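Residue-level structure breakdown
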2 protein chains.
Amino acid sequence: MSSSNIILSPKRGAERTGARERLLDAAAALIIERESIEISLAEIAAKSGLNSALVKYYFGSKTGLLVALLQRDAARALAEMEELLSMNIAAAQKMRLHLRGIMTTYRRSPYLNRLLHAMLHGPDEPVRREVHRLLVQPVFNCQRKILAEGMARGEFRPVDHGIFYLSAIGACDQFMQTEGVLMLSHTGADLDLFRDQYITHVVDMVVASLAPTAGR
Amino acid sequence: MSSSNIILSPKRGAERTGARERLLDAAAALIIERESIEISLAEIAAKSGLNSALVKYYFGSKTGLLVALLQRDAARALAEMEELLSMNIAAAQKMRLHLRGIMTTYRRSPYLNRLLHAMLHGPDEPVRREVHRLLVQPVFNCQRKILAEGMARGEFRPVDHGIFYLSAIGACDQFMQTEGVLMLSHTGADLDLFRDQYITHVVDMVVASLAPTAGR
């Protein structure tokens, strides 16, 4: 299929969306298969059954496609985060749901964490800024709001939001290493159960650090 | 200076040690300057004032030199860890010192964390295994011993050591991101003070998660 077929077809709008999504699906499937974000345009084209020129057409470049993939996977999580912020529940419960949401998102999109870190520490400054704006800043702001609510109500002790963010995100991000550590610890436990326990451990640990009686 | 001068000199032993350390010092200085581990043999040679052939002679390859650098920086931390394990103090205090030790090591060798992760997730399987053996396994084993002591004495609640390791290391590793987050939070706080507070926050948070009254 040539790119002009897609671009000039009367059913252009619908096919465009279809092709765009198929390219993203193909890239996601390849990253999962390879356990690596090092995939080529030719491979994305072969997997999707589309011409690799369409990647340039829709996304500008392979990096543009990867940013769009990150954005697509993050969209659902960010919508849930916005909804969470508006809920009328205790700040501690809000923080528990927020942290659980981060790790559930990683579970849903197993390559999201790797993609995110590769782009945040990659050589491309505009990409770093874009990914920061898309994902880092919203999570940072969300935590800052929940912390402010909890401190205002006396539910939380005073905690610097930057320090809280780093320690919480650090523990959440390690969710992606659960498989490796399970092998290292030779307990033969079930991975899904181990991951459930990891999420519970991290949520309990991080939220407990906010209790008025925590710290020194 | 040609490599044969070094190798054939009568003062060979002393000069060998000197040249080896100078190459490691040069690589460390370059990584700190660049804030990147992407350094070339030619640059290491120029910085050290030695012939780049000496890198092959002492370390086999640039990767070999980077592993040796990691090993040199980790040696002091690992010796302190061994000493800690033999101390006759409460398990909680031992864990506090252990976690503080990890972050202090990162502070002392600002590139250690980046080097460690690049090698643990790099393409070279023997290097991954070697770095795992040198650094990951000892830290994992140390925590397992402290946890076992604490649980045996009723100081700690029962906690899976794999889950504990991941969550604790995740929060410790983020120590290297303190500078970025301090800029993000626009509080204008002092970096050294912020880092001190980060260490205290993480140590308090992680050790509190082990208390018999923690969790659900």
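Structure report, in brief. Counting starts from 1 at the beginning of each chain's written sequence and moves along it residue by residue. Chain letters start at A and ligand numbers start at 1, both assigned in the order the entries are written. A pLDDT threshold of at least 70 governs which residues receive local features in this predicted model, and a stricter bar of 80 or more applies before side-chain atom pairs are shown or counted, although totals over entire chains, interfaces and linings include all residues. Note that water and hydrogens are dropped before the side-chain values are worked out from all heavy atoms of the structure.

Our next topic: the nonpolar core. For this analysis, a nonpolar core means a set of buried residues of the types Ala, Val, Leu, Ile, Met, Phe, Trp, Tyr and Cys, connected via side-chain atoms within 4.5 Å. In this scheme, a residue with accessible area under 20% of its type's maximum is buried, one over 50% is exposed, and one in between is partly exposed, where area comes from a 1.4 Å probe on protein chains only. With 142 residues, the main nonpolar core has Leu23, Ile44, Leu65 and Met95 of chain A together with Leu23, Ile44 and Leu65 of chain B as its most contacted residues. Look past the residues within four positions of isoleucine 44 of chain B in its chain and what remains in contact with it is Leu23, Ala26, Ala27, Leu30, Ile39, Val55, Lys62 and Leu65 of chain B. We call two residues in contact whenever any of their non-hydrogen atoms come within 4.5 Å of each other.

For this overlay, a least-squares fit was computed on C-alpha atoms, restricted to residues scoring pLDDT of at least 70 in both copies. Of the transformation placing chain B onto chain A, the axial shift is 0.0 Å and the rotation is 180°, giving an RMSD of 0.0 Å. Within this description, the copies of the chain are treated as partners about a two-fold rotation axis. Rotation axis and chain B: the residue whose C-alpha lies nearest the axis is glycine 170 of chain B, separated from it by 2.2 Å. Comparing contact sets, 100% of the residues at the interface of chain B also lie at the interface in chain A, consistent with an isologous, same-surface contact.

Before going further, it helps to examine helix H8 (residues 125–152) of chain A. Residue and element names in this part refer to chain A. Going along the chain from the N terminus, every DSSP run of H or I of four or more residues is numbered as a helix, and every run of E of two or more is numbered as a strand. Between the first and last residue of a helix there are one fewer steps than residues, each counted as 1.5 Å, and that sum is the expected span. With 28 residues, H8 should cover 40 Å at 1.5 Å per step; its first-to-last C-alpha distance of 37 Å lies within 8% of that length. Bend, at a single residue, is the angle you get between axes fitted to the 7 residues ending at that residue and the 7 residues starting at it. Approximately 45° is the largest bend angle found in H8, and it occurs at histidine 132. Where H8 is concerned, the buried positions are Val127, Val131, Leu134, Leu135, Val136, Val139, Phe140, Cys142, Gln143, Ile146, Leu147 and Gly150. Once H8 finishes, glycine 154 follows within two positions and takes phi at roughly 75°, a positive value.

Let us look at the interface of chain B and chain A. With 38 residues of chain B at the contact, the number on the chain A side is 38 residues. In this assembly, chain B packs against chain A so that about 3000 Å² is buried in total across both faces, 71% of it on carbon and sulfur atoms. When the buried surface of chain B facing chain A is broken down by residue, Ile163, Leu166 and Leu184 of chain B rank first, second and third, together holding 23% of it. What counts as a salt bridge is simple: a side-chain nitrogen of Lys or Arg found within 4 Å of a carboxyl oxygen of Asp or Glu. The interface formed by chain B and chain A contains 0 salt bridges. Polar contacts here mean pairs of N or O atoms no more than 3.5 Å apart (in protein, one a potential hydrogen donor and the other a potential acceptor; neighbouring residues in sequence count only if both atoms are side-chain atoms). Here chain B and chain A share 4 residue pairs in polar contact (both at pLDDT 80 or more) between them. The term buried area means the drop in 1.4 Å probe accessible area that two parts suffer when joined, counted for both and summed.

Before going further, it helps to spend a moment on unusual backbone geometry. All names here are of chain A. Of note in the backbone geometry, glutamate 35 takes a positive phi value of approximately 55° without being a glycine. When you line up the elements, glutamate 35 lands in the loop between helix H2 (12–34) and helix H3 (41–48). A relative accessible area of 59% means that glutamate 35 is categorised as exposed.

All names here are of chain B. For proline 138, the location among the structural elements is in helix H8 (residues 125–152). A relative accessible area of 21% means that proline 138 is categorised as partly exposed. Expressed as a C-alpha distance, the spacing of proline 138 and isoleucine 39, which sit 99 residues apart in the sequence, is 28 Å. Setting aside residues up to four positions removed in sequence, proline 138 forms contacts with Leu78, Met81, His132 and Arg133.

Residues and elements named next belong to chain A. Throughout, disulfides are identified as pairs of cysteine sulfur atoms within 2.5 Å of each other. This structure, assessed with the given rule, holds 0 disulfides over all chains. Cysteine cysteine 142 shares no disulfide, and the gap to the nearest cysteine sulfur, in cysteine 172, comes to 12 Å. Of the residues examined, cysteine 142 reaches a relative accessible area of 1% and is grouped as buried.

Residue and element names in this part refer to chain A. What the rule picks out here adds up to 32 salt bridges over all chains. Note that arginine 129 and glutamate 125 form a salt bridge whose closest N and O atoms lie 2.8 Å from each other. Of this pair, arginine 129 and glutamate 125 both sit in helix H8, 4 residues apart, which is roughly one turn of that helix. Given a relative accessible area of 52%, arginine 129 falls into the exposed group.

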